[in-house]
Amino acid sequence: MITVDALPYPFHFDPESTAIVSIDMQRDFIEPGGFGATLGNDIRQVAAIVPTVAALLSWGRALGLTIVHTREAHLPDLSDCPTAKRMRGNPKIRIGDPGPMGRLLVRGEPGSQIIPQVAPLPGELVVDKPGKGAFYGTTLGSMLEAHGIHRLIVCGVTTEVCVQTTLREANDRGYECLLVEDAAASYFPDYHAQTVEMLRSQGGIVCWTAPLKNLLPITAELEART
Ligand code: C5J
């Protein structure tokens, strides 16, 4: 087992049974004209974590972890998008409407693609999800089971929506999860900070948290052991 200095106490994992889950690092959330921006959000807040997510993925690849990427994206006929979700709020354009990056939050459209800096490499797992949680309406659970995964190291956007929902779903399913806190972001820095605090409160009631710098020395430690 490898130990990470984490809160509320050290997190243990072994590379064989651990996956990195990179959540919704899509153009629709990170670039101008996407779903996030149409809701009136400041995309600079989430774009800022791209180098940290890229570094986390490189770290995980070097350790041989299973890598999973998720995308929040609906079927072209929107049959997996509840009307309540589509009609919520007062955005300039709604899910499924044409926008500068194709139809908003629809599978296969340019906006639903993961940004190149953190894009999946051949052989990595990609999950299209209709909801905020990555387990709802997807085969993520069976994919992880097939790979013998029991622990998740989680990053992505946004902290208080898809990242938090996925962590809670995973926790209820018995996974031990570590949120890499500086590899996750919200459009609202206060929400990010409060969500991180909340998730690891009460003895890590949902997950552990750690900054990326606490994970990086592990590669060197393992190399030294061999
Ligand atoms: C949102 C997400 N915020 N990926 N999706 O609607 O967090």
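So, here is what we can say about the structure in this document. These numbers come from a predicted model, not from an experiment. (Residues numbered from 1 in each chain as written. Predicted model: local features only at pLDDT ≥ 70, side-chain atom pairs only at ≥ 80, totals over all residues. Heavy atoms only, no water.)

Attention now goes to the overall build of the protein. What the protein contains, in helices and strands, is nine helices and 10 strands. Taking 17 Å as the expected radius of gyration for a compact globule of 226 residues, we find that the protein reaches 17 Å, a close match to that expectation. Projected onto its principal axes, the C-alpha positions of the protein cover 55 × 35 × 30 Å. In the protein, which comprises 226 residues, the proportion classed as buried is 54%. (Helix = DSSP H or I, 4+ residues; strand = E, 2+ residues; numbered from the N terminus. Rg over C-alpha atoms; globule rule 2.2 N^0.38 Å. Buried < 20%, exposed > 50% of the residue type's maximum accessible area, 1.4 Å probe, protein only.)

Attention now moves to the pattern of salt bridges. Summed over all chains, the structure comprises 12 salt bridges. Here Asp14 makes a salt bridge to Arg151, at a shortest N to O gap of 3.3 Å. One end of the pair, Asp14, is in the loop between strand E2 (11-13) and strand E3 (18-23); the other, Arg151, is in strand E8 (residues 151-157), with 137 residues separating them in the sequence. The exposure class assigned to Arg151 is buried, which follows from its relative accessible area of 13%. Across the pair Asp42 and Arg44 runs a salt bridge whose closest N-O atoms are separated by 3.1 Å. (Salt bridge = Lys/Arg side-chain N within 4 Å of Asp/Glu carboxyl O.)

This next bit is on unusual backbone geometry. Omega for the bond connecting Leu7 with Pro8 falls within 30 degrees of zero, at 5 degrees, which places this linkage in the cis form. Position of Pro8 relative to the elements: it lies in the loop between strand E1 (2-4) and E2. The omega torsion of the bond from Val157 to Thr158 falls at -15 degrees, within 30 degrees of zero and hence cis. With respect to the helices and strands, the residue Thr158 is situated in the loop between E8 and helix H7 (159-172). Positive phi values are uncommon outside glycine, yet Leu78 reaches one of about 60 degrees. Secondary-structure assignment places Leu78 in the loop between strand E4 (66-72) and helix H5 (83-87).

On to the pairing of strand E7 (residues 125-129), then. E7 sits mainly inside the fold: four of its five residues count as buried. Pairing geometry for E4 and E7, over five bridges, is parallel. Its bridge partner being in E7, Arg71 is matched across the sheet by Asp128. (Pairing = 2+ DSSP bridges.)

A few words now on the sheet that holds E7. Pairing in this open sheet of six strands is parallel, and the strands run E7-E4-E3-E8-E9-E10 from one edge to the other. The open sheet has two edge strands, E7 and strand E10 (208-210), and neither has a second partner. Taken pair by pair, the neighbouring strands of this sheet meet at an average axis angle of 25 degrees, ignoring direction. Both E3 and E4 contribute to a ladder of five bridges, which runs parallel. When the bridges of E4 are listed, Ser22 appears paired with His69. Relative to E8, H7 is tilted by about 165 degrees, and along the sheet it contacts E3, E4, E7, E8 and strand E9 (176-185). Sheet strands in contact with helix H8 (residues 189-204) are E9 and E10, and its direction is about 170 degrees off that of E9. (Axes fitted to C-alpha atoms, helices over the stretch in contact; angles between N-to-C directions. Contact = heavy atoms within 4.5 Å.)

This brings us to the site of the ligand. Around the ligand lies a shell formed by Asp24, Phe29, Phe35, Glu72, Lys132, Val157, Thr158, Val161 and Cys162. In the environment of the ligand, a nitrogen atom lies 2.7 Å from a nitrogen or oxygen atom belonging to the side chain of Asp24. One nitrogen or oxygen atom from the main chain of Thr158 is found 2.9 Å from an oxygen atom belonging to the ligand. Here the ligand loses 92% of its free accessible area of 230 Å² to cover by the protein chains. Class assignment for the residues of the shell around the ligand results in five nonpolar, one polar and three charged. (Near = heavy atom within 4 Å. Polar contact = N/O pair within 3.5 Å; in protein donor to acceptor, adjacent residues only side chain to side chain. Areas by Shrake-Rupley, 256 points an atom, 1.4 Å probe, with all protein chains shown as cover. Nonpolar A, V, L, I, M, F, W, Y, C, P; charged D, E, K, R; others polar.)

In this section: the nonpolar core. Counting residues in each nonpolar core, the largest one holds 44 residues, and the members touching the most others are Leu56, Trp59 and Ile153. Elements represented by at least two residues in this core include exactly E1, E2, helix H1 (27-30), helix H2 (35-38), helix H4 (50-63), E8, E9 and E10. Considering every element that reaches this core, the biggest residue donor is H4, with six residues. The residues contacting Leu56, other than those within four sequence positions of it, are Ile20, Ile153, Cys155, Val180, Ala183, Leu212 and Leu215. (Core = buried A, V, L, I, M, F, W, Y, C linked by side-chain atoms within 4.5 Å.)

Treat this as a map of the structure, not an account of what it does.
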